[in-house]
Amino acid sequence: MAISLPNALLPLKTEIFPSNTRLAVTPVGRSDSLNILSTTRNFTAPRVLSKTSEPLSSMIIELAKDQKNENLEQDDDQTERQIADVWREIHGEDDWVGLLDPMDPILRSELIRYGEMAQACYDAFDFDPYSKYCGSCRFSRRKFLDSLGMSNLGYDVTRYLYATSNINLPNFFKKSRWPKVWSRNANWIGYVAVSNDETSKRLGRRDITIAWRGTVTRLEWITDLMDFLKPVSSLKIPCPDRTVKVEYGFLDLYTDKDDSCRFCKFSAREQILSEVKRLLDLYQNEEISITITGHSLGAALAILSAFDIAETGLHVLRDSRAVPVSVLSFAGPRVGNVRFKERIESLGVKVLRVVNVHDMVPKSPGLLFNEHVPVKVMKLAEGLPWSYSHVGVELALDHNNSPFLKETGDPVGAHNLEAHLHLLDGYHGKGHRFVLSSGRDPALVNKGSDFLKDHYLVPPYWRQDENKGLVRGHDGRWMQAERSKLDDHPSDMHHHLRQLGLAA
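For every chain, the first residue of the written sequence is number 1, and numbering continues from 1 along that sequence. Thresholds applied to this predicted model are a pLDDT of at least 70 for local features of residues and 80 or more for the giving and counting of side-chain atom pairs; totals over whole chains, interfaces and linings are not thresholded and use all residues. Calculated side-chain values reflect all of the structure's heavy atoms, with hydrogen atoms and water omitted.

Asks: Where do I start with the overall build of the protein in this structure?
Replies: Helix and strand assignments follow DSSP, with helices taken as H or I runs no shorter than four residues and strands as E runs no shorter than two, numbered in order from the N terminus. Looking only at helices and strands, one finds 15 helices and eleven strands in the protein. Burial status follows relative accessibility: with a 1.4 Å probe on protein chains alone, a residue under 20% of its type maximum counts as buried, one over 50% as exposed, and anything between as partly exposed. Put simply, the protein has 504 residues, and 56% of those count as buried. Across the protein, contacts joining residues at least 24 apart in sequence account for 73% of those joining residues at least 6 apart. In the structure as shown, the protein presents an accessible area of about 21900 Å², 51% of it carried by carbon and sulfur atoms. We call two residues in contact whenever any of their non-hydrogen atoms come within 4.5 Å of each other. For every accessible area listed, the method is Shrake-Rupley and the probe measures 1.4 Å; residues are considered covered only by the protein chains on display.

Structure (structure tokens):
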């Protein structure tokens, strides 16, 4: 994709931080041709300023001064702390007490890192109905992180996750218009990854991460929810308490399968449990963590899968050690009732929910009966099929605090994951100034939205495939490029399912 940008944008980018600042940012990605908006690690920004850029960059220069004089003093006090020494605290061992206000810099960094792993699900997904691969991942599993410019993440993707589209969430699934497609009944919904040796040493443990895909711009999937609570045990999740209930649409998506489809002949639940079992067996002699992340509907699935892992006892190793299970979610809806909240917290699952206070999704379902209603009222309403309660700890952000973002009531912008990561980057605690802390490019907000203020001259919805995925063949004709064979399920999956008692 060839994009011509105004010259004023160049000095705007280089003047965000002083020349002696070392930037630590995640690359935009090789598939993003707007490389002018990306930064590289340890890049020293030249102090170049043209006359045309002075009015545009003045506010950003002031923010950089604020960063020096005010907020980063808190971060400097904690530069000696290493993630390997405090990872249990960062993953909720003490329910994040004292880490959110003021914002702990290591926690902020880790939240952004896992948020980017969830964002990768969007960046890699084929949403184009004119593509015969619509509904699949655009990259092979082994080249997944490299293709997204995330090779420095230090993880290996070990498994792709699929779900059947034959359920009542039509706005979550995408289908191709082609008569011959990769699958008629499946959609790619995420992946499982594990930290490599070098990263595990830095993190202080072997980290198994599950990343769930959500929705991108459309929010109509909320109306597709049946908004009806159903016992988790009704679909064979082994919970002894039938009063523990979750929203039926989430439960259906997590447990449904289609024997006629090679990608979803196993449910998402079976795919995750068997892969986590395999990885736990492989690394059982090490320190291990299980971290689950997701945005929007993917955040709900993250909480549900974390509950399942703990409820089945999968996280308990042969030597009786319990592997910590944590959920770091973004913009997620409520998942279940009060009994579900009590049950998942009693199982030791730690949940930190990052939300934008202007986003409508975290307020659904359960608009009438939820955790904000007096306890006595909720006690009376607990038997109703639309009485919901959030779980875990909430980190509430406000997009009105960012000087980069438009003052708009657009519900799509308020729900956007890149906007959440931008807000995290500038959040230092309640009452503190919004100051970017890591150098993460604000232009990423407009990758899939129109949320940045116009005077920054960043085009809305700028991320797209070059030539919309078409390549020119040897005969000069334009056509869709063929992709390598898609992974379905590993050959040893039945073995791990049998060990879990999930297959004959």
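Asks: What am I meant to see in the packing of aromatic side chains here?
Replies: Ring pairs (aromatic) are described by centroid distance and by the angle formed between their planes. Stacked, tilted and edge-to-face are the three classes applied to pairs of Phe, Tyr and Trp rings, where Trp contributes its six-membered ring and a pair requires centres within 6.5 Å; stacked means planes under 30 degrees apart, edge-to-face means over 60, and tilted covers the rest. For the coordinates displayed, the defined rule picks out twelve aromatic pairs. Taken together, a centroid distance of 6.0 Å and an interplanar angle of 50° make the contact between Phe144 and Trp188 tilted. Note that Phe144 is positioned in helix H5 (residues 144-147) and Trp188 in strand S2 (residues 186-195), a separation of 44 residues in sequence. One aromatic cluster is present, built from ring pairs that chain together Phe125, Phe127, Phe144, Tyr160, Trp188 and Tyr191. Sitting over a ring, as applied to charges here, requires NZ of Lys or CZ of Arg to be within 6 Å of the ring centre and within 35 degrees of the ring normal. For the cation-ring pair, Arg113 lies above Tyr114, with the distance from its terminal atom to the ring centre recorded as 4.5 Å. Above the ring of Phe125, the side-chain terminus of Arg213 is found at 3.9 Å from the ring centroid.

Asks: Would you mind going over the pattern of salt bridges with me for this structure?
Replies: Close approach of charged atoms allows side chains with opposite charge to pair. Salt bridges are defined as contacts in which a side-chain nitrogen from Lys or Arg sits within 4 Å of a carboxyl oxygen from Asp or Glu. The tally for this structure, following the rule as stated, stands at 29 salt bridges. In this structure, Arg334 and Glu371 form a salt bridge, with 2.9 Å as the shortest nitrogen-oxygen distance. Placement of the pair is Arg334 in the loop between strand S7 (325-330) and helix H11 (338-346) and Glu371 in the loop between strand S8 (350-356) and helix H12 (375-381), with a sequence separation of 37 residues. The exposure class assigned to Arg334 is buried, which follows from its relative accessible area of 3%. Where Glu394 meets Arg353, a salt bridge forms, and the shortest distance between an N and an O atom there is 3.3 Å. Within this pair, whereas Glu394 is found in strand S9 (residues 393-397), its partner Arg353 is found in strand S8, the two being separated by 41 residues in sequence. Among the ionic contacts, a cluster of salt bridges with common partners joins Glu116, Asp123, Glu418, Arg440, Lys447 and Arg463.

Asks: Any chance you could explain unusual backbone geometry here in plain terms?
Replies: Phi is mostly negative for residues that are not glycine, and the peptide bonds are mostly trans. That bond from Asp101 to Pro102 is cis: its omega, 5°, falls within 30 degrees of zero. Examined against the element boundaries, Pro102 turns out to sit in the loop between helix H3 (83-90) and helix H4 (105-124). Following Ser364, the chain continues to Pro365 via a peptide bond in cis, the omega torsion being -20°. Inspection of the secondary structure puts Pro365 in the loop between S8 and H12. With phi around 55°, Ala331 is a residue other than glycine that occupies positive phi space. One can find Ala331 in the loop between S7 and H11.

Asks: How should I be thinking about the nonpolar core in this particular structure?
Replies: As a rule of thumb, soluble globular proteins bury nonpolar side chains together. We define a nonpolar core as any set of buried Ala, Val, Leu, Ile, Met, Phe, Trp, Tyr and Cys residues linked to one another through side-chain atoms lying within 4.5 Å. Formed by 67 residues in total, the largest nonpolar core has its most connected members in Leu107, Leu111, Phe144, Trp188, Tyr191, Leu395 and Leu424. With sequence-adjacent residues up to four places away left out, Phe144 is seen in contact with Ala120, Ala124, Cys137, Phe139, Val157, Tyr160, Trp188 and Tyr191. With 51 residues, the next largest nonpolar core counts Phe250, Tyr283, Ile290 and Leu314 among its residues.

Asks: Please explain the packing of H4 against helix H14 (residues 417-426) as it appears in this structure.
Replies: Axes are the key here: two packed helices are described by the angle between their axes and the distance separating the axes. The axes used here are C-alpha line fits, helices contributing only the stretch in contact, and every angle between their N-to-C directions lies in the interval 0 to 180 degrees. Interhelical geometry of H4 versus H14 gives an angle of 165° and a closest axis separation of 10 Å. Regarding the angle of H4 to H14, the classification is roughly antiparallel. In the packing of H4 onto H14, the handedness of the crossing is left-handed. Touching Arg108, Leu111, Ile112, Gly115, Glu116, Ala118, Gln119 and Tyr122 of H4 are Leu417, Glu418, Leu421, Leu424 and Asp425, all from H14. Per-class residue counts for the contact of H4 with H14 are seven nonpolar, two polar and four charged. Throughout, the term roughly parallel applies to angles under 35 degrees, roughly antiparallel to angles over 145, roughly perpendicular to angles from 65 to 115, and oblique to all others. Less than a right angle of anticlockwise turn of the near helix away from the far helix marks a crossing as left-handed, whereas a clockwise turn marks it as right-handed. Residues are grouped as follows: Ala, Val, Leu, Ile, Met, Phe, Trp, Tyr, Cys and Pro are nonpolar; Asp, Glu, Lys and Arg are charged; every other residue, Gly included, is polar.

Asks: Honestly, helix H9 (residues 268-282) in this entry has me stumped. Any pointers?
Replies: An α-helix turns once every 3.6 residues. As a result, residues three or four positions apart point the same way. Multiply 1.5 Å by the residue count of a helix minus one, and that product is the helix's expected span. Over its 15 residues, H9 extends 21 Å from the first C-alpha to the last, a length consistent with the 21 Å expected when each residue adds 1.5 Å. Among the 15 residues of H9, twelve are classified as buried, and the element is accordingly described as predominantly covered. Looking at H9, one finds that the buried residues are Ala268, Arg269, Glu270, Gln271, Ile272, Leu273, Ser274, Glu275, Val276, Lys277, Leu279 and Leu280.

Asks: Whenever I open this one, the sheet that holds S9 confuses me. Can you help?
Replies: One key point about sheets: their strands pair by backbone hydrogen bonds, in either a parallel or an antiparallel sense. Taken together, the seven strands give an open sheet; going across it, the order is S1-S2-S3-S6-S7-S8-S9, and neighbouring strands pair in mixed fashion. With partners counted over all chains shown, the strands left at the sheet margins are strand S1 (155-164) and S9, one partner each. Direction aside, neighbouring strands of the sheet carry axes that sit 15° apart on average. Where strand S6 (residues 288-295) and S7 come together, six bridges link them in parallel fashion. Think of it this way: DSSP has to see at least two bridges between two strands before they count as a pair.

Asks: Would you take a moment to explain the pairing of S8 for this structure?
Replies: For S8, the tally of buried residues reaches six of seven residues, placing the bulk of the element in the interior. Looking at chain direction, S7 and S8 are connected through five bridges and run parallel. Each bridged residue has a counterpart across the sheet, and for Leu328 the counterpart in S8 is Leu352. On the question of chirality, the crossover connecting S7 to the parallel S8 by way of H11 is right-handed. Note that S8 and S9 share five bridges and pair parallel. By convention, orient the strands away from the viewer: a clockwise path from the first strand over the helix to the second makes the crossover right-handed.

Asks: How should I be thinking about the state of the cysteines in this particular structure?
Replies: Here a disulfide denotes a covalent bond joining the sulfur atom of one cysteine to the sulfur atom of another. Defined by distance alone, a disulfide is two cysteine sulfur atoms within 2.5 Å. Tallied over the full model, the rule gives zero disulfides. Cys137 carries a free sulfur, and the closest cysteine sulfur to it, the one in Cys121, is 8.4 Å from it. Among the cysteines around Cys264, which has no disulfide bond, Cys261 carries the closest sulfur, lying 3.3 Å off.

Asks: Help me understand the side chain of Ser200, please; the structure alone is not making it clear to me.
Replies: The residue Ser200 is located in helix H6 (residues 197-203) in this model. Those residues in contact with Ser200 that sit more than four places away from it in its chain are Ser195, Arg205 and Arg206.

Asks: I would appreciate a short explanation of H14 in the present structure.
Replies: With ten of its ten residues buried, H14 lies for the most part within the structure. Within the sequence span of H14, burial applies to Leu417, Glu418, Ala419, His420, Leu421, His422, Leu423, Leu424, Asp425 and Gly426. Tucked into the core, H14 has its buried residues touching H4, S6, S7, S8, S9 and helix H13 (411-415). Capping the start of H14, Asn416 holds a side-chain oxygen 2.9 Å from the backbone nitrogen of Glu418, two or three residues further along. Nitrogen and oxygen atoms within 3.5 Å of one another constitute a polar contact, given that in protein one can donate a hydrogen and the other can accept it, and given that sequence-neighbouring residues count only through two side-chain atoms.

None of the figures reported here should be taken as evidence of function without further support.
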